[in-house]
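Each chain, written out:
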Amino acid sequence: METIKSYLENMFRNLPQTEEISRMKSELLSNMEDKYHELKSEGKAEHEAVGIVISEFGNIDELLEEMNIEIADHKETYPEVSSEEAREFIKLKRQTSFLIGIGVTLILTGVSLLVFLSQLIENQYIFQNVPLEARGSLPVIFLFLLIAPAVGLFVYSGIRLERYKYIEEGRFTLAASLRSFLSDELKDVSPRQHTGTIIGVILCVLSPLAIFVGSLFGENASVYGVSILLLMVAAAVFIFITTGTMPETYKRLLKIEEFNPERKKQNKLIGAVAGIIWPLAVCIFLFSGFVFGLWHIAWVVFPITGILFGGFCAFYSIINSN
Amino acid sequence: MISSDVIRGYNDTIILSLLLEGDSYGYEISKNIRQITDEQYIMKETTLYSAFNRLEKNGYIESYYGEETQGKRRTYFKITPSGITYYKEKCEEWDITQKVVNKFIKELNEYGNN
């Protein structure tokens, strides 16, 4: 039966994925299944039954002509990803997701440290002997000390993945058999992501508690709460990245959900907006810190950007789906 | 087995005639064709579904989802009044076609017997 499925899968591989076509495909499959089961019940051997069903399939062009569908030839020109390449890509993604997770966590930890040290300075616990003007900038040095290795990790991951750029960009095709293997494996890796998402979301939701608890001990303590909040968010983000990458990698190979060529078009705009808005947020953060010395509060720029950006993404996809 | 080129113009007629007996779904129709013709004509899957597509677009048949059996939801087809009219026209057409072609077939037989 699997042979019949992958035969049909191959026949429909290069066709546009419209509702009409997927309906036709499932109709054909159902018909072929019926025929296969009847042949088997008549006592035909597996290979014989499969052979008859496939030989009586006919010519897909006849159907396409009737349905007025033209086959897009240009898709054919992409190279096919071999099983080894796909495995190697998945392995590499697993490794780099860990590195990227660490990098992001380092940066968030740096921001947390920045808030923490700034408050310590304000409370005059540390750096008493440093001149007043320099004092405010000292915690920033720690931030950059953590950002530097993070950037190193990002660049390293990027270089490692350079070889698979064509997969990242969707310029490949996938054999039907490999596709069905990967679809099965996607089901296996998804539960880990769900657990990760739940834990991460719980951490995020609980994180503001740190501020409330801190505020019980006075205004200064609530700033330390912010520092703890950021650490909790850092942990959550690490979990999101490391558990989310595997299903994402499979979806990328299968070109489904957010990696569907249609969907990717709208993601392009979201990506472009993200490319402007986030560096801008970092600029505002650094500017208000260095120029106005607002390190203790400047970090709010990130959650605000996050919420606005999330809102924009949601709004944009609703508009588009209509 | 019959060449599909010869019979092409009458695939629709064959399907409509089976639907006159009652609503049916893809596999049942192809199985009936096979049985009625003593396996002399086996309609290919793509031929069958091209015909369904064409007949439905022309309003000669309608499709609906049947009751779920063994976890499967089949698409059933039903002949419409205009489908019946079309079927009658095709039958008349075949009658004439048959007579016309037969005239030449007979002549050829006589010629061959000599």
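Computed from a prediction, not measured in an experiment: that's the story for all the values here.

Peer 1: Even after reading the chapter, I still don't get the overall build of chain B, so can you show me in this structure?
Peer 2: Helix and strand content of chain B: 5 helices and 3 strands. Here chain B holds 114 residues, and 38% of them are scored as buried. Taken as a whole, chain B presents about 7,300 Å² of accessible surface, with 50% of it coming from carbon and sulfur.

Peer 1: Help me out: how do you make sense of the overall build of chain A in this one?
Peer 2: What chain A contains, in helices and strands, is 13 helices and 2 strands. Its C-alpha atoms give chain A a radius of gyration of 27 Å, more than 25% over the compact-globule value 20 Å for 322 residues. Along the longest, intermediate and shortest principal axes, the C-alpha atoms of chain A span 90 × 35 × 35 Å. When burial is assessed residue by residue, chain A has 37% of its 322 residues classed as buried. Considering only intrachain contacts with a sequence separation of at least 6, the fraction spanning at least 24 residues in chain A is 77%. Accessible area of chain A: about 17,900 Å², with a carbon and sulfur share of 65%. Positive and negative charge centroids in chain A, built from 27 and 36 side chains respectively, lie 7 Å apart.

Peer 1: I'm lost on the packing of aromatic side chains in this one. Help?
Peer 2: Here a ring pair, both rings aromatic, is described through the centre-centre distance and the interplanar angle of the planes. For the coordinates displayed, the defined rule picks out 15 aromatic pairs over all chains. On the basis of an interplanar angle of 50 degrees and a centroid distance of 5.1 Å, the ring pair of phenylalanine 285 of chain A and phenylalanine 302 of chain A is categorised as tilted. In this pair, phenylalanine 285 of chain A is assigned in helix α11 (residues 261–292) and phenylalanine 302 of chain A in helix α13 (residues 301–321), connecting sequence segments 17 residues apart. Classification of phenylalanine 302 of chain A as partly exposed rests on a relative accessible area of 24%. Aromatic pair phenylalanine 309 of chain A and phenylalanine 312 of chain A: ring centres 6.5 Å apart, planes at 25 degrees, arrangement stacked. Separated by 3 residues within a single helix, phenylalanine 309 of chain A and phenylalanine 312 of chain A lie in helix α13, roughly one turn from each other. Phenylalanine 309 of chain A gets classed as buried once you look at its relative accessible area, which sits at 14%. Following the ring pairs from residue to residue traces out a cluster consisting of Trp278, Phe309, Phe312 and Tyr316 of chain A. Lying across the ring of tyrosine 25 of chain B, arginine 74 of chain B places its NZ or CZ 4.3 Å from the centre.

Peer 1: It is not clear to me how the pattern of salt bridges should be interpreted in this structure. Could you clarify?
Peer 2: Opposite charge on two side chains makes pairing possible when the charged atoms of those side chains draw close. Under the definition given, this model contains 20 salt bridges over all chains. With its nearest N and O atoms 2.9 Å apart, the salt bridge here joins arginine 74 of chain B to aspartate 34 of chain A. With arginine 74 of chain B in strand β3 (residues 72–79) and aspartate 34 of chain A in helix α2 (residues 19–41), this pair bridges two chains. Residue arginine 74 of chain B shares its accessibility class with aspartate 34 of chain A, and that shared class is buried. A salt bridge links arginine 252 of chain A to glutamate 168 of chain A; the nearest nitrogen and oxygen atoms lie 3.6 Å apart. Highlighted residues: arginine 252 of chain A in helix α10 (residues 219–254) and glutamate 168 of chain A in helix α8 (residues 165–168), separated in sequence by 84 residues. For glutamate 168 of chain A, a relative accessible area of 21% gives the class partly exposed. Taken together, the shared-partner salt bridges in this structure form one network comprising Lys35 and Glu56 of chain A together with Arg34 and Glu45 of chain B.

Peer 1: Looking at this structure, how should I read the sheet that holds strand β2 (residues 61–69) of chain B?
Peer 2: Pairing between the strands of a sheet is mediated by backbone hydrogen bonds and can be parallel or antiparallel. Pairing within the open sheet is antiparallel, and its 3 strands lie in the order β1-β3-β2 (chain B). This sheet does not close on itself; its edge strands, each paired only once, are β1 (24–25) and β2 of chain B. With 7 bridges connecting them, β2 of chain B and β3 of chain B associate as antiparallel partners. Across the sheet, residue threonine 69 of chain B finds its bridge partner in β3 of chain B, namely lysine 72 of chain B. Contacting β1, β2 and β3 of chain B, α2 of chain A crosses the sheet at an angle of about 100 degrees to β3 of chain B.

Peer 1: Where do I start with the domain arrangement of chain A in this structure?
Peer 2: Many structure descriptions define interface size as the accessible area lost when the parts assemble. Structurally, chain A comprises domain 1 (2–71), domain 2 (82–259) and domain 3 (260–322). The distance between the C-alpha centroids of domain 1 of chain A and domain 2 of chain A comes to 45 Å.

Peer 1: Would you take a moment to explain the interface of chain A and chain B for this structure?
Peer 2: Counting from both sides, the interface comprises 23 residues of chain A and, opposite them, 22 residues of chain B. Taken over both partners, the interface formed by chain A and chain B buries close to 2,100 Å², and the fraction arising from carbon and sulfur atoms is 42%. At the boundary of chain A with chain B, the tally comes to 5 salt bridges. When the shortest N-O distance is used, the salt bridge between arginine 54 of chain B and glutamate 66 of chain A registers 2.6 Å. At the surface where chain A touches chain B, the tally comes to 13 residue pairs in polar contact (both at pLDDT 80 or more). Listing elements by their share of the side of chain A that touches chain B, those giving two or more residues are α2, α3 (46–55) and α4 (60–67) of chain A. Looking at the side of chain A that touches chain B, the element that brings in the most residues is α2 of chain A, giving 12 residues. Here the side of chain A that touches chain B is built from residues that sort into 8 nonpolar, 5 polar and 10 charged.

Here is what the cut-offs are and how they apply
- Residues numbered from 1 in each chain as written.
- Chains lettered and ligands numbered in written order.
- Predicted model: local features only at pLDDT ≥ 70, side-chain atom pairs only at ≥ 80, totals over all residues.
- Heavy atoms only, no water.
- Helix = DSSP H or I, 4+ residues; strand = E, 2+ residues; numbered from the N terminus.
- Buried < 20%, exposed > 50% of the residue type's maximum accessible area, 1.4 Å probe, protein only.
- Areas by Shrake-Rupley, 256 points an atom, 1.4 Å probe, with all protein chains shown as cover.
- Rg over C-alpha atoms; globule rule 2.2 N^0.38 Å.
- Contact = heavy atoms within 4.5 Å.
- Lys, Arg positive; Asp, Glu negative; His and termini not counted.
- Charge placed at Lys NZ, Arg CZ, Asp CG, Glu CD.
- Phe/Tyr/Trp six-rings, centres within 6.5 Å; stacked < 30°, edge-to-face > 60°.
- Lys NZ or Arg CZ within 6 Å of the ring centre and 35° of its normal.
- Salt bridge = Lys/Arg side-chain N within 4 Å of Asp/Glu carboxyl O.
- Pairing = 2+ DSSP bridges.
- Axes fitted to C-alpha atoms, helices over the stretch in contact; angles between N-to-C directions.
- Domains from an automatic or database assignment.
- Buried area = accessible area lost by both parts, 1.4 Å probe.
- Polar contact = N/O pair within 3.5 Å; in protein donor to acceptor, adjacent residues only side chain to side chain.
- Nonpolar A, V, L, I, M, F, W, Y, C, P; charged D, E, K, R; others polar.

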